[in-house]
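Structural overview for review
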Amino acid sequence: MAELIYVTNVSLDGYIEDEQGGISWFPLGDEVFAFHTEMLRSVGTLLYGRRLYEAMAVWETDATLAARSDLTADFASAWQAAAKIVYSTSLAAVSTADTRLERRFDPVAVQELKATAGRDLTVGGADLAAQAFRAGLVDECRLLILPVVVGGGKPGLPTGMRADFELLDERRFPNGVLYVRYRFLGQRPAAPSGEPASA
C-alpha cells in the first residue's frame, strides 16, 4: 500500500503563512531546494487544496521558471511528472496536465487510492492536510523548519487535535533549516474538560 505524506515548510513557531498570508520569509537556499526536488521525485500523486495548487501550477504554466537554473528545471520536471488531485468547490477548471478536480475531500476514495497506487502520495495545504489527519489517512509528516519566527498566521499542523508522532529521520542544513520526518501514530482522545491530557 502507498503511504500518504504531509510535506510542508514551517516557521520555527509553526506557521506556513504569516498573518498577511505571505511566505516571503521562505528563503530555502539551493541545498534545501534540491532536497525538496528529491522528495517530490519519489512520489506519484500530489493532493492539493486550491490555493496551494494555484501557487504551484506555475511550475508547468510558466516556462521561464524552469529556465532560470538547473535546480529550477529539475524541480519543474519532477512537479510535472506527478499526477495531481485538486480539491476545491470554487475552482472552475485546472490548468495543468494529469490533474483531476474534485469538489470535496472523500476519505474513502483517498484510502482506495492509497491501496491501489504504485507510488506514495503527498498532501499539501494545511486545511486539506488537517482533513487527512483527522480521517487517519496520513502516514508520515515531513517538515522543513525555517529558523524564523513570524508571530502568527496559518498553522502548519491541525489545531484542536491531539496526536502522537515517532521521529524517523532528521537532517540539518548549513543555512539553519531543519528537516524532520515523523511517523503519524494517530490521534489521542481529547482530555475531559478541566483535566490535563495524559503524558
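The present account deals with the structure reproduced in this document. Sequence positions are assigned chain by chain, starting from 1 and proceeding in written order. A pLDDT threshold of at least 70 governs which residues receive local features in this predicted model, and a stricter bar of 80 or more applies before side-chain atom pairs are shown or counted, although totals over entire chains, interfaces and linings include all residues. Side-chain descriptors were evaluated using all non-hydrogen atoms of the structure, hydrogens and water having been removed beforehand.

**A closer look at the side chain of S88**
Going by this rule: Helix numbers and strand numbers start at the N terminus; a helix is a DSSP run of H or I with at least 4 residues, a strand a run of E with at least 2. In the analysis that follows, any N or O atom pair within 3.5 Å is treated as a polar contact, provided that within protein one partner can donate a hydrogen and the other can accept it, and provided that, for residues neighboring in sequence, both atoms belong to side chains.
Mapped onto the elements, S88 comes out in the loop between strand 4 (83–87) and strand 5 (99–102). Here L91 takes part through its backbone nitrogen, which lies 2.9 Å from a polar atom of the side chain of S88.

**Section: the nonpolar core**
The following threshold applies: Residue types Ala, Val, Leu, Ile, Met, Phe, Trp, Tyr and Cys, when buried and joined through side-chain atoms within 4.5 Å, form a set referred to as a nonpolar core. Each residue gets one of three labels from its accessible area relative to the maximum for its type: buried under 20%, exposed over 50%, partly exposed in between, using a 1.4 Å probe on protein chains only. We call two residues in contact when some of their heavy atoms are within 4.5 Å.
In terms of nonpolar packing, the biggest core is built from 25 residues, with L4, Y6, L47 and F133 touching the most fellow members. At the level of elements, strand 1 (4–11), strand 4, strand 6 (120–124), helix 7 (126–134), strand 7 (140–146) and strand 10 (178–187) are the ones that each hand at least two residues to this core. Take this core: its biggest share by element is five residues, from helix 7. Not counting residues within four places of it along the chain, the set of residues in contact with L4 comprises L47, V110, K114, L121, T122, V123, A132, L137, V138, D139 and E140. Listed in part, the 17 residues of the second largest apolar core include V43, Y48, Y53 and W59.

**Some details on the side chain of H36**
Topologically, H36 is positioned in helix 1 (residues 30–41). The class of H36 is buried, set by a relative accessible area of 15%. Among the polar contacts listed, one links the side chain of H36 to the side chain of N9, at a separation of 2.9 Å. For H36, the residues in contact, after removing those within four places along its chain, are V7, N9, L28 and L144.

**Structural notes on the pattern of salt bridges**
Put simply, the rule reads: Salt bridges are counted wherever a side-chain nitrogen of Lys or Arg sits within 4 Å of a carboxyl oxygen of Asp or Glu.
In this structure the tally under the stated criterion is 13 salt bridges. Close ionic contact of R41 with E38 constitutes a salt bridge, the shortest N to O distance being 3.5 Å. Within this pair, R41 and its partner E38 are both found in helix 1, separated by three residues, close to a single helical turn. Accessibility expressed as a relative area gives 35% for R41, which makes it partly exposed. Put simply, K114 and D139 hold a salt bridge, and the shortest N to O gap is 2.8 Å. With a gap of 25 residues between them, K114 in helix 6 (residues 107–116) and D139 in the loop between helix 7 and strand 7 connect regions that are remote in the sequence. The same class applies to K114 as to D139, namely buried. Several salt bridges share partner residues, and in doing so they unite E3, E140, R142, R181 and R183 into one network.

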